[in-house]
Every structure is written in structure tokens, then in C-alpha cells.
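Residue-level listing of the chains:
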Amino acid sequence: MRHDPSGTEQKLRALGLRPTKARRLILDVLCESSNHLSTEEILDDLRRRGHHASPATLYQNLNRLVQEGLLVRFTGLDGLSRYDANLEPHHHLVCTRCGRIVDVGSDKTQLRRLVPLDLHNARPLPKWRISGALIEFRGVCPICRSGS
Ligand SMILES: [Zn+2]
Ligand SMILES: [Zn+2]
């Protein structure tokens, strides 16, 4: 999916959020990057674009954007919070050597058959309604493989 910077402002307005410069830039940074950036990496990218935000302000804005569903936050293998602007259902394939995270799809029919089971009795968990699954595949990427 191509990123359309003029759409960012509309997305924010549609949710009743003021399209501040900081919010627009944060979304642009994440939409234009195919990586799943950490807070520190977003700060660096904003600085490169001439926008100097404090970590506290950035964090507040990221929280708000996650709450409104414009970003997804998850924890990477390195334990850092990372942000994803790809809102289409997808999974992650993580390189265990360099930490690269690639968006991947999966076989939907197989996924529907995937049921979380109680660890103790291997039965489906009672009273839960399962709405989705986020799978983290792990492996070694081609660049790391060719280097070894
Ligand atoms: Zn790698
Ligand atoms: Zn992703």
C-alpha cells in the first residue's frame, strides 16, 4: 500500500484528533518506513526532518495514535516498543540475528483452525471469544545467512 501524505491529515481529522505537525510527521515517518521503528528511531527520523520533539511529547503522541487505532504497538525481540502503521491484518517474521522485522501474510484457512489451548489441559479456553491472532515467526534473514 502506497503512503499518501495528504491522507494523514484527513485520517486524524476523521478521528477528531487535531492534525498537529508532530502527529502528521509521526504518521508520515512510520508509513514511509517499511521497518517497525522504535521510539528512539522515530525521534532520529523526526530530527532528520527538522522536527525536534522531546521523548515525552513523542511518547504522548504515540500513545494517543495507538489508542485511536492509527498505530499498532508491539514489543520486538530486543524488548523495545515498536510501532507499526500497517493496519492490514498481517504477521511478523523476525530475524534472530539482526532483528529485522518483515510483514508477512499467512494461509487464512489454516489460521482460522488455530485455536489457543489451555496449557494445562490442552482444551480451548472457556468463555473467550477469539477475535484475531498475531503470530511472530522467527528465522535468519537472507543477508545474515549469506554473511555467515
Ligand atoms: Zn538478519
Ligand atoms: Zn508489521
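What this report covers is the structure whose coordinates are included nearby. (Residues numbered from 1 in each chain as written. Chains lettered and ligands numbered in written order. Predicted model: local features only at pLDDT ≥ 70, side-chain atom pairs only at ≥ 80, totals over all residues. Heavy atoms only, no water.)

**Observations regarding the coordination of the zinc ion (ligand 1)**
The protein atoms that coordinate the zinc ion (ligand 1) are Cys95 (SG), Cys98 (SG), Cys141 (SG) and Cys144 (SG), at distances of 2.2 to 2.3 Å. Its four donor atoms give the zinc ion (ligand 1) angles of 106 to 115° at the centre, a pattern that matches the tetrahedral case. (Donors = N, O, S within 2.8 Å, 3.2 Å for Na, K, Ca; no water. Tetrahedral: all angles 85-135°; square planar, octahedral: opposite > 155°, others 65-115°.)

**Here we look at the packing of helix 2 (residues 21-32) against helix 3 (residues 39-48)**
With their axes 10 Å apart at the nearest point, helix 2 and helix 3 run at an angle of 110° to one another. In terms of orientation, helix 2 and helix 3 fall into the roughly perpendicular class. The residues of helix 3 that touch helix 2, namely those facing Leu25, Ile26, Val29 and Leu30, are Ile42, Asp45 and Leu46. Residue composition of the contact of helix 2 with helix 3, by class: six nonpolar, no polar and one charged. (Axes fitted to C-alpha atoms, helices over the stretch in contact; angles between N-to-C directions. Helix = DSSP H or I, 4+ residues; strand = E, 2+ residues; numbered from the N terminus. Parallel < 35°, antiparallel > 145°, perpendicular 65-115°, else oblique. Contact = heavy atoms within 4.5 Å. Nonpolar A, V, L, I, M, F, W, Y, C, P; charged D, E, K, R; others polar.)

**Overview of the pattern of salt bridges**
Enumeration according to the criterion identifies nine salt bridges in this entry. The closest approach of N and O atoms between Asp45 and Arg48, which form a salt bridge, is 3.9 Å. You can see Asp45 and its partner Arg48 sitting in helix 3, three residues apart, about one turn around the helix. We classify Asp45 as buried; its relative accessible area is 14%. We classify Arg48 as exposed; its relative accessible area is 66%. Linked by salt bridges that have partners in common, Glu32, Asp45, Arg48 and Arg49 make up one network. (Salt bridge = Lys/Arg side-chain N within 4 Å of Asp/Glu carboxyl O. Buried < 20%, exposed > 50% of the residue type's maximum accessible area, 1.4 Å probe, protein only.)

**Observations regarding helix 4 (residues 55-67)**
End to end, helix 4 covers 18 Å across 13 residues, agreeing with the expected 18 Å (1.5 Å per residue, within 8%). For helix 4, the full list of buried residues reads Leu58, Asn61, Leu62 and Leu65. Down the axis of helix 4, the sector holding all buried residues measures 100°, keeping them to one side. Exposed residues pointing more than 90 degrees away from the buried face of helix 4 are listed as Ala56, Gln60 and Gln67. The first or second residue beyond helix 4 is Gly69, which carries a positive phi of 80°. (Expected span 1.5 Å × (residues − 1). Arc of directions from axis to C-beta.)

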